[in-house]
Amino acid sequence: MAIDAVLTVVGLALLLAGAWLLVGSASRLAMAFGISPLIVGATVVAFGTSAPEFVVGLVAGIEGKGDLAVGSVFGSNITNVALVLGIAAVIRPMDVHPRLLRWEMPVLLAATVAVAALGLTGTIGHVPGALLFVALLAFIGLSLWLQPNAAETLAADHVPEPTGKLTRRGMAEQSLLLVLGVGGLALGSDLAVNGATGIAGRAGISEVAIGVTVVAIGTSLPEILTTAVAAMRGNHDIALGNVVGSNVFNLLGVLGLTGAVATLPIDGALYYFEVPALAVSTIVLLALSWTDTRITRWEGAVLLAAYVAMVTIVLVRGSM
């Protein structure tokens, strides 16, 4: 058990470090080749913050541990709403930009419904997975077209300052960092998946429960950190946008591409709690935002309490 826990922690640390290196180096290389910070922010950064969830899901799916992959995505989305936004709102009440209500949140609701409906078939296979991923690409393209100011805000906060043309040495350094980032993601995901699976087996807890709790918290650390910092700075658009965008990417990108590569099984038992919890977290986010377009401290405290209750129920269910 101790070795498995160490493997999981080291794996998650490598995942986070790999994602950080990937975002920074890929962003600088892309801008050195003339790609605008706007495009980099909407693609490289958006992928980088969800890279831990994606790589864990892909590795777990390929290794036949689909329950862990699905659990980590569902858990990550619930964690983003209840834990991440709960922490951010307690730090500073957040105003909700009307743009999120008009575009991103309806897309998140549609993605949640689509995944829940597909899951009723028992799997997310190659074709449905590919369609989900195509929907993600369409979402990114339409977001750039419909909301260029939002993409500029994201780019300004997350994309490194343009450095002009990189020297040959600079290109080599950034390429090396990029390779190290990809390597960190690959090694970290393998360690995290094997460690989490070992914990589940030795503790008598289901892989879904470990995915929803331990793995989901670990892979959500980038969102926790960036959203908390944005909340402290009063950057409400970025704080909420990080959560909503990450949840859309998890459902359409992570489950979509993983399902397209390796068919993901959706256990019918998930519909007794985990899928309803996923749906409720999305609906609650919409409700809190629509009521007075502001998420207050006490609402943030309620979200944190709900997260603790969710984790407790998942672990109890997973040990039965």
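See the structure above.
Residues numbered from 1 in each chain as written. Predicted model: local features only at pLDDT ≥ 70, side-chain atom pairs only at ≥ 80, totals over all residues. Heavy atoms only, no water.

J.: Got a minute to help me understand the overall build of the protein in this structure?
T.: Tallying secondary structure elements over the protein gives 12 helices and 4 strands in all. A burial count over the protein gives 51% of its 320 residues as buried. When contacts within the protein are restricted to residue pairs at least 6 apart in sequence, those whose partners lie at least 24 apart make up 88%. Put simply, the protein shows about 13,300 Å² of open surface, and 73% of that area lies on carbon and sulfur atoms. (Helix = DSSP H or I, 4+ residues; strand = E, 2+ residues; numbered from the N terminus. Buried < 20%, exposed > 50% of the residue type's maximum accessible area, 1.4 Å probe, protein only. Contact = heavy atoms within 4.5 Å. Areas by Shrake-Rupley, 256 points an atom, 1.4 Å probe, with all protein chains shown as cover.)

J.: Looking at this structure, how should I read the packing of helix α3 (residues 66-91) against helix α12 (residues 297-318)?
T.: The axes of two packed helices give the description: the angle between them and the distance between them. Contact geometry of α3 with α12 gives a least axis separation of 7 Å together with a crossing angle of 145°. Along this stretch, α3 crosses α12, giving a crossing that reads as left-handed. On α12, the residues touching I78, T79, V81, A82, L83, L85, G86, I87, A89, V90 and I91 of α3 are R297, G300, A301, L303, L304, Y307 and M310. In terms of residue class, the contact of α3 with α12 is built from 14 nonpolar, 3 polar and 1 charged. (Axes fitted to C-alpha atoms, helices over the stretch in contact; angles between N-to-C directions. Left-handed = near helix turned anticlockwise from the far one by under 90°. Nonpolar A, V, L, I, M, F, W, Y, C, P; charged D, E, K, R; others polar.)

J.: I tried to follow α12 on my own but got confused; where do I start?
T.: Given 3.6 residues per helical turn, the α-helix brings residues three or four places apart onto the same face. The terminal C-alpha atoms of α12, which comprises 22 residues, lie 31 Å apart, in line with the 32 Å expected from a rise of 1.5 Å per residue. Listed as buried for α12 are E299, G300, L303, Y307, M310, V311, V314 and G318. Within α12, the buried residues cover an arc of 125° as seen down the axis, which keeps them to one side. Turned more than 90 degrees off the buried face of α12, the exposed positions are W298 and V308. (Expected span 1.5 Å × (residues − 1). Arc of directions from axis to C-beta.)

J.: Any chance you could explain the environment of G57 here in plain terms?
T.: For G57, the position within the fold is in helix α2 (residues 37-62). Between the alpha carbons of G57 and A262 there is a distance of 9.9 Å; along the sequence they are 205 residues apart. Excluding residues within four positions of it along the chain, G57 makes contact with A69 and T258.

J.: Please clarify how the layout of surface pockets should be interpreted in this entry.
T.: One way to see where empty space is left: roll a probe the size of a water molecule over the atoms. Space inside the second largest pocket adds up to approximately 290 Å³. Forming the boundary of the second largest pocket are 18 residues, of which A82, V280, S281, V284 and A306 lie nearest the centre. Listed by contribution, the elements that provide at least two residues to the lining of the second largest pocket are α3, α11 (274-292) and α12. Broken down by element, the residue count for the lining of the second largest pocket peaks at 9 residues, all from α12. Considered class by class, the residues forming the lining of the second largest pocket number 16 nonpolar, 1 polar and 1 charged. (1 Å grid on protein atoms, 1.4 Å probe; cavity = no way out; pocket = protein on both sides within 12 Å on 5 of 7 lines; lining within 4 Å. Points joined across faces, edges and corners; volume = space filled by probe spheres on them.)

J.: Any chance you could explain the side chain of N247 here in plain terms?
T.: With respect to the element layout, N247 can be found in helix α10 (residues 236-261). If we ignore the near neighbours within four places in the chain, the residues touching N247 are S76, N77, N80, V81 and L108.

J.: Explanation requested: the side chain of S76 in the structure shown.
T.: By secondary structure assignment, the location of S76 is in helix α3. Once residues lying within four places of it in the same chain are set aside, the contact partners of S76 are E53, A216, T219, S220, N247 and N250.

J.: Looking at this structure, how should I read a nonpolar patch on the surface?
T.: A contiguous nonpolar surface patch, about 250 Å² in accessible area, is contributed by L109, V113 and I283. Its place among the elements puts L109 in helix α4 (residues 98-119). (Patch = residues over 30% accessible without salt bridge, like charges linked within 9 Å, V, L, I, M, F, W, Y side chains within 5 Å. Salt bridge = Lys/Arg side-chain N within 4 Å of Asp/Glu carboxyl O.)

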